[in-house]
Amino acid sequence: MNASRLDRRALILSASVLGVLIVLAVLGPFIYTVDPAHADVNNLRAWPSAAHPLGSDDLGRDTLARLLSGLRVSLAVAFVVEAFTVIVGAGLGLAAGYFGGLVDFLVSRAADMLFAFPGLLLAILISAVFGASVGAFAGGAGRLLLVSGSLAIVGWPLMARYVRGQTLSLKERAFIESTRALGAGDGELIGRHILPNVLGLVIVSATLDVAGVVVGEATLGLLGLSAQPPQTSLGKMIAEAFRYITLNWLQVFFPSLALTILVLSVSFVGDELRKRA
Amino acid sequence: MFFAQFVVRRLASLVFVLFSITFLTFIVGYLAPGDPVQAMMGAHRDPDTYARLRHEYGLDRPWLEQYTGYVKGVLRGDLGKSYRYAGRPVWELVQQGMGTSAALGLAALAVSLVIGLPVGVIAAARAGSTFDRLSMIVMLAIFSIPSFVIAGVLQIAQVTLFKAGLPNLPTSGWGELRFWVLPVVVLSGASTGYMARLTRSTVLETLDADYIRTARAKGATPGRVLVRHALRNALIPIVTVLGPSVAFVVVGSFVVENVFRVPGVGFIAVQSIGTRDYPVIQSVTLLLALTVVLMNVLADVAYTMLDPRIRTT
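Residues numbered from 1 in each chain as written. Chains lettered and ligands numbered in written order. Predicted model: local features only at pLDDT ≥ 70, side-chain atom pairs only at ≥ 80, totals over all residues.

Another point: the overall build of chain B. Per the secondary structure count, chain B includes 13 helices and 0 strands. Along the chain direction, N to C, the helices and strands of chain B fall in the order α-α-α-α-α-α-α-α-α-α-α-α-α. Principal axes of the C-alpha set define a box for chain B whose edges measure 85 × 65 × 25 Å. Put simply, chain B has 313 residues, and 38% of those count as buried. Intrachain contacts of chain B at a sequence separation of at least 6 include 72% that bridge at least 24 residues. (Helix = DSSP H or I, 4+ residues; strand = E, 2+ residues; numbered from the N terminus. Buried ≥ 20, exposed ≤ 12 C-beta atoms within 10 Å, placed from the backbone. Contact = placed C-beta atoms within 7 Å.)

Residues and elements named next belong to chain B. Between helix α12 (residues 265-274) and helix α13 (residues 278-306), the least distance of the axes is 8 Å, while the angle of their chain directions is 150°. Taken together, the axis directions place α12 and α13 in an arrangement best described as roughly antiparallel. α12 and α13 meet at a crossing whose hand is left-handed. Here α12 contributes Val265, Gly266, Ile268, Ala269, Ser272 and Ile273 to the contact with α13, which in turn contributes Val280, Ile281, Val284 and Leu287. Taken together, the residues of the contact of α12 with α13 sort by class into 8 nonpolar, 2 polar and no charged. (Axes fitted to C-alpha atoms, helices over the stretch in contact; angles between N-to-C directions. Parallel < 35°, antiparallel > 145°, perpendicular 65-115°, else oblique. Left-handed = near helix turned anticlockwise from the far one by under 90°. Nonpolar A, V, L, I, M, F, W, Y, C, P; charged D, E, K, R; others polar.)

By size, the foremost hydrophobic cluster in this structure holds 145 residues, and its most contacted members are Leu121(A), Ile124(A), Leu125(A), Val214(A) and Ile238(A). Residue contributions to this core peak at 19 residues, all from helix α4 (residues 121-171) of chain A. (Core = buried A, V, L, I, M, F, W, Y, C linked by C-beta atoms within 7 Å.)

Right, let's talk about the confidence of the model for chain B for a bit. Residue and element names in this part refer to chain B. Per-residue confidence for chain B gives a mean pLDDT of 82, with 96% of residues at or over 70. The element-level mean pLDDT for chain B is lowest in helix α2 (residues 36-41), coming to 70, with helix α5 (residues 90-125) highest at 89. Our summary of model confidence lists the complex with pTM equal to 0.86 and ipTM equal to 0.84. (pLDDT = per-residue confidence, 0-100.)

Given below as structure tokens:
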């Protein structure tokens, strides 16, 4: 079997695992209708059984139901963050590369400013300081939007930098110059000629970025900064289950496993897309 | 001439980075919701005291003035006052965790160096071997699997091994050496993986160079070529990975300290969120970001000293 066929198999396998996870997150709660917030006080920290297929946590809440809703949170946050990163990051990067001058200066300096902060620190700070009041004002969904926002603020500069670089090199190419000579305006040049040529890069880097965002959300969740009760997230489930790991280690194992499978499948899909791009 | 230009450019970018970090931390604190003075006073609503406290905390000044005041304070080592413990300097609260965090971080960094570098070198020297492939898969795994997942696996293993009669490695708290083992191992994971993989690729690159072929042609033994010729040159780019490795350790310490309940700055910061004592987490973020910047500067200086070529570019 040659390498490219092996690659294709890896892509198909990782993409289908990812697809199954997405379907589980979207449809799961409709099929497995157990309430993730219901406390079954007769079954605390239960091992897997017919009543609780994956057991229950220290308040007797069903682990499978919580896993499904946590998966939903992870994927929803990842989706919002990538939407923001693609629209704002790619948009600003395109504008900076195409127009140059002051636009480029402002976008590049703003990106540099955010690059100065190592990784998640700024996201931790933002979601910690604004979390409680956003939660009080806009509820659980608002809180998740805040988490997405803080991760997106950290995430867009890299996308902007990639797209800016690509746009700069495209701008010098002959086909752009000749289209301009034929009388095309900025709008047509960007929309019909530059955008389609940076789209591949945007899709690949957004996919590769998802793994980092999922881990980022889980980290914020672990620190108690993401979803709040009765909502849950994979990171929060892990943090809570750490407290009684000596009594029932499966409760740490299941959310960790789900998170690892999610992160690995997204990384593989991103990696394969990059090889093909 | 060129060197002076290089230093000036580096200093200018350093100033910009320091400005960015202080400005972003300040602005988040400035925009923080709620009125801390109101919260502090609770039911007492004496307008005079209110005005006095607002003035004392500098909250009545325009934002630009507050920012310059903040930077001046930071330069003097004054991180402002705690909202929760009225009048108590934040520095005092944060300081309690600094020794612990520094010890944890340095230990993790040392473990990364001691394991990451040799694994990378051996993998490069035996590129394509079973050791190479296996170790690189393991290194990729510990780099990309989140630290708290690894922490969970180790805790489960520890519980099982303890039952089997092995010494107890505490999964919570801080104290004598046995408390250090699990947090340090978990914290060193990402930087070990990163270092090993980067070392492998730089050593591999160096092994391809002409002077290596020359050394081999002159009859130097493989070990001598590896240590005296390849490693010495490969070490130069490896110095620069110290910066990113410190960043992994610093961000990771937030997670590890909270998972293992190690009373470092990351633990103190997360505790302060519950009591809405924002200046504490603000200061911890600032200090950690500055640590990473400082290590990057040190790595840059070391790089310049080790490699004369960089001075002329």
